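Each chain is listed here by its residues.
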Amino acid sequence: MGYALDLAGRAEEQGEVPVGAVIVRDGERLGEGWNRPISANDPTAHAEIVALRAAARAVGNYRLSGATLYVTLEPCLMCAGAMIHARISRLVFGASDPKRGVINSTNHVFETRGLNHRVQTEGGIMSEQCGRRLQAFFQERRL
């Protein structure tokens, strides 16, 4: 999660919401990303999606079975859906997102009946550090 926080710093440097993500399997970093929707003019360029794309390219397969995705903020519906399609085995996230988070906050999307894949989750890892970075970013934008 510490590395994902470093990646969130890259997003912040670019004026993006500071969210970072990294995908690891068997101790190997497969892909990483940070929020880029503004700079990439791409509404899908969330940190998780960028990391999923990089990991899929690295292994030559869109299925990332056995991989863990670490992200500094609880994922939105789009990112959670992409994790299901990629067959991510485990999600570890930092801060909860009470407005858009669909893992534990506004929904429990991975528990939806009928899904052909289940993602194990663990939230609240380094949540204070992740949350402080986001709060500081938005507080500064309000000034």
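J.: Looking at this structure, how should I read the nonpolar core?
T.: A general feature of soluble globular proteins is that nonpolar side chains tend to end up buried together. If you look at the biggest cluster of nonpolar residues, it comprises 39 residues, and the most contacted ones within it are Ile23, Leu52, Leu69, Ile88, Leu91 and Phe110. Every element with two or more residues in this core is listed here: α1 (2-13), β1 (20-25), β2 (28-34), α3 (47-59), β3 (68-73), α4 (77-86), β4 (90-95) and α5 (127-142). For Leu91, the residues in contact, after removing those within four places along its chain, are Leu69, Val71, Pro75, Met83, Ile103, Phe110, Val119, Gln120, Thr121 and Glu122.

J.: How do you make sense of the packing of α3 against α4 when you look at a structure like this?
T.: Two packed helices can be described by the angle between their axes and the distance between those axes. Two elements in contact, α3 and α4, have axes whose closest approach is 9 Å; the angle formed by their N-to-C orientations is 20°. By the angle class used here, α3 and α4 are roughly parallel. By crossing handedness, the relation of α3 to α4 is classed as left-handed. The residues of α4 that touch α3, namely those facing Glu48, Ile49 and Leu52, are Met78, Cys79, Ala82, Met83 and Ala86. Residues that form the contact of α3 with α4 fall into these classes: seven nonpolar, no polar and one charged.

J.: Looking at this model, I keep getting lost on α1. Mind explaining?
T.: Because each turn of an α-helix spans 3.6 residues, side chains separated by three or four positions end up pointing in the same direction. Its 12 residues give α1 an end-to-end C-alpha distance of 17 Å, which sits within 8% of 16 Å, the value for a rise of 1.5 Å per residue. Within α1 the residues assigned to the buried category are Ala4, Leu5, Leu7, Ala8, Gly9 and Ala11. Considering only its buried residues, α1 is in contact with β1, β2, β3 and α5. Gly15 sits one or two residues past α1 and shows a positive phi near 80°.

J.: What am I meant to see in the pattern of salt bridges here?
T.: Any two side chains of opposite charge can pair if their charged atoms end up close together. One pass over the full model with this rule turns up seven salt bridges. Here Arg133 makes a salt bridge to Glu12, at a shortest N to O gap of 3.3 Å. With Arg133 in helix α5 and Glu12 in helix α1, this pair connects stretches of sequence that are 121 residues apart. Residue classification places Arg133 among the partly exposed positions, given a relative accessible area of 27%. Residue Glu12 is classed as partly exposed on the basis of its relative accessible area of 29%.

J.: Sorry if this is basic, but what is going on with the side chain of Arg87 here?
T.: Relative to the assigned elements, Arg87 resides in the loop between α4 and β4. Buried charged residue Arg87 carries no salt bridge. Nearest counter-charge: Asp26, at 17 Å. Residue contacts for Arg87: discarding those within four places in its chain leaves Arg63, Leu64, Ser65, Gly66, Asn116 and His117.

Conventions we followed
- Residues numbered from 1 in each chain as written.
- Predicted model: local features only at pLDDT ≥ 70, side-chain atom pairs only at ≥ 80, totals over all residues.
- Heavy atoms only, no water.
- Core = buried A, V, L, I, M, F, W, Y, C linked by side-chain atoms within 4.5 Å.
- Buried < 20%, exposed > 50% of the residue type's maximum accessible area, 1.4 Å probe, protein only.
- Helix = DSSP H or I, 4+ residues; strand = E, 2+ residues; numbered from the N terminus.
- Contact = heavy atoms within 4.5 Å.
- Axes fitted to C-alpha atoms, helices over the stretch in contact; angles between N-to-C directions.
- Parallel < 35°, antiparallel > 145°, perpendicular 65-115°, else oblique.
- Left-handed = near helix turned anticlockwise from the far one by under 90°.
- Nonpolar A, V, L, I, M, F, W, Y, C, P; charged D, E, K, R; others polar.
- Expected span 1.5 Å × (residues − 1).
- Salt bridge = Lys/Arg side-chain N within 4 Å of Asp/Glu carboxyl O.
- Lys, Arg positive; Asp, Glu negative; His and termini not counted.

Everything listed here is a matter of geometry and, on its own, says nothing about what the molecule does.
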